[in-house]
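Residue-level structural notes
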Amino acid sequence: EVQLQESGPGLVKPSQSLSLTCSVTGYSITSNYWGWIRKFPGNKMEWMGYISYSGSTSYNPSLKSRISITRDTSKNQFFLQLNSVTTEDTATYYCARGYSGDYWGQGVMVTVSS
Amino acid sequence: DVVMTQTPVSLSLAIGQPASISCKSSQSLLGTSGKTFLNWILQRPGQSPKRLIYQVSKLYSEVPDRFSGSGSETEFTLKISRVEAEDLGVYYCWQGTHFPQTFGGGTKLELK
């Protein structure tokens, strides 16, 4: 069974970087696409970007140059880094597989606050 | 970006009643491949989103057949033939045809 699990700090200070890990079991990240999606307070969802089976990436232009998605194939993990965070980045962050999100992690709530 | 508009914002239904959720896109979601990448997901209270439907009408294997998806171009519908207690939560439509992928605002299904 494919399982994804996010991990990372739940509190980040403004202007610092948010770093999250998605650990995948039951499927290799060298196949398919692997993305990050966030849900803001109040239900709005935003697709942030993905890393492909080959390691290529695609990012939502709304995040400009703040976002980076990388991976460690030896650990079957992929990572999200979001720089220069503000309170508007407070959200629950999910990792998911594929273009249609056929598997999702449990999510990690991240609060940006001093 | 493609704007996805879901209606209604909330639904209050009794068990056994039918449900219908509309999702309209600001551009046609028919891709150059001839496929339409319109998905539906459900987020139950306290849980992560779960897959329901992909490419407009294709149900994932574990999804009960009381769910159905239809539509084309810019107008799509999710229907539940008879609502059950496990169906409560927030439903989202989500397009993957155009970059960047975008979501509808969500429809909250509550039980009456």
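Residues numbered from 1 in each chain as written. Chains lettered and ligands numbered in written order. Predicted model: local features only at pLDDT ≥ 70, side-chain atom pairs only at ≥ 80, totals over all residues. Heavy atoms only, no water.

1. Structural notes on the overall build of chain B
- Looking only at helices and strands, chain B has zero helices and 11 strands in total.
- Ordered by position in the sequence, the α and β elements of chain B form the string β-β-β-β-β-β-β-β-β-β-β.
- For a compact globule of 112 residues, the expected C-alpha radius of gyration is about 13 Å, and chain B comes in at 13 Å, within 12% of that figure.
- Taken over 112 residues, chain B has a buried fraction of 47%. (Helix = DSSP H or I, 4+ residues; strand = E, 2+ residues; numbered from the N terminus. Rg over C-alpha atoms; globule rule 2.2 N^0.38 Å. Buried < 20%, exposed > 50% of the residue type's maximum accessible area, 1.4 Å probe, protein only.)

2. Points about the sheet that holds strand β3 (residues 19–25) of chain B
Residue and element names in this part refer to chain B.
- The strand order across the open sheet built from four strands is β1-β3-β8-β7, with neighbouring strands paired in antiparallel fashion. Only two strands of the sheet have a single neighbouring strand rather than two, namely β1 (4–7) and β7 (67–72). The sheet shows a mean angle of 15° between the axes of neighbouring strands, taken without regard to direction.
- With six bridges connecting them, β3 and strand β8 (residues 75–80) associate as antiparallel partners. Looking at β8, one finds that serine 22 is bridged to threonine 77. (Pairing = 2+ DSSP bridges. Axes fitted to C-alpha atoms, helices over the stretch in contact; angles between N-to-C directions.)

3. A closer look at the nonpolar core
- Counting 26 residues, the largest nonpolar core has Leu18, Trp36, Phe78, Leu80 and Tyr93 of chain A as the members making the most contacts within it.
- Put simply, the parts of the chain that give this core at least two residues each are β3 (18–25), β4 (34–39), β5 (45–51), β7 (67–72), β8 (77–82), β9 (91–97) and β11 (108–112) of chain A.
- The greatest single-element share of this core, amounting to four residues, is contributed by β3 of chain A.
- Each residue touching leucine 80 of chain A, except ones within four places of it in the same chain, is listed here: Leu18, Ser19, Leu20, Trp36, Met48, Ile67, Ser68, Ile69 and Tyr93 of chain A.
- Judged by nonpolar contacts, the second largest core, of 24 residues, contains Val2, Met4, Cys23 and Ile53 of chain B. (Core = buried A, V, L, I, M, F, W, Y, C linked by side-chain atoms within 4.5 Å. Contact = heavy atoms within 4.5 Å.)

4. Regarding the packing of aromatic side chains
- Enumeration over the complete set of coordinates arrives at 14 aromatic pairs over all chains.
- Geometrically, the ring pair formed by tyrosine 54 of chain B and tyrosine 60 of chain B is tilted, given 4.8 Å between the ring centres and 40° between the ring planes.
- When its relative accessible area of 26% is taken as the criterion, tyrosine 54 of chain B is described as partly exposed.
- Among the aromatic side chains, those forming a connected cluster through ring pairs are Tyr33, Trp47, Tyr50, Tyr53 and Tyr99 of chain A together with Phe99 of chain B.
- Over the ring of tyrosine 27 of chain A we find arginine 97 of chain A; its NZ or CZ atom is 4.3 Å from the centre of that ring.
- If you follow arginine 51 of chain B out to its NZ or CZ, it ends over the ring of tyrosine 103 of chain A, 4.7 Å from the centre. (Phe/Tyr/Trp six-rings, centres within 6.5 Å; stacked < 30°, edge-to-face > 60°. Lys NZ or Arg CZ within 6 Å of the ring centre and 35° of its normal.)

5. A look at the interface of chain B and chain A
- With 18 residues of chain B at the contact, the number on the chain A side is 19 residues.
- For the pair chain B and chain A, the interface holds zero salt bridges.
- Broken down by secondary-structure element, the contributors of at least two residues to the side of chain B that touches chain A are β4 (38–43), β5 (50–54) and β9 (89–95) of chain B.
- In terms of residue class, the side of chain B that touches chain A is made up of 10 nonpolar, seven polar and one charged. (Salt bridge = Lys/Arg side-chain N within 4 Å of Asp/Glu carboxyl O. Nonpolar A, V, L, I, M, F, W, Y, C, P; charged D, E, K, R; others polar.)

6. Here we look at the state of the cysteines
- Inspection of the entire model under this criterion finds two disulfides over all chains.
- The residue that forms a disulfide with cysteine 22 of chain A is cysteine 95 of chain A, at a sulfur-sulfur distance of 2.1 Å. Around the S-S axis, the bridge from cysteine 22 of chain A to cysteine 95 of chain A shows a dihedral of about 70° and counts as right-handed. Taken together, the residues span a long stretch of sequence, with cysteine 22 of chain A in strand β3 and cysteine 95 of chain A in strand β9 at a distance of 73 residues.
- Among the residues examined, cysteine 95 of chain A registers a relative accessible area of 0% and is labelled buried.
- The partner cysteine of cysteine 23 of chain B in its disulfide is cysteine 93 of chain B, sulfur to sulfur 2.0 Å. Taking the torsion about the S-S bond as the criterion, the cysteine 23 of chain B to cysteine 93 of chain B disulfide, at about 75°, is right-handed. In this pair, cysteine 23 of chain B is assigned in strand β3 and cysteine 93 of chain B in strand β9, connecting sequence segments 70 residues apart.
- Take cysteine 23 of chain B: its relative accessible area is 0%, and that puts it in the buried class. (Disulfide = S-S within 2.5 Å.)

In short, the description is geometric, and any link to function would need to be established separately.
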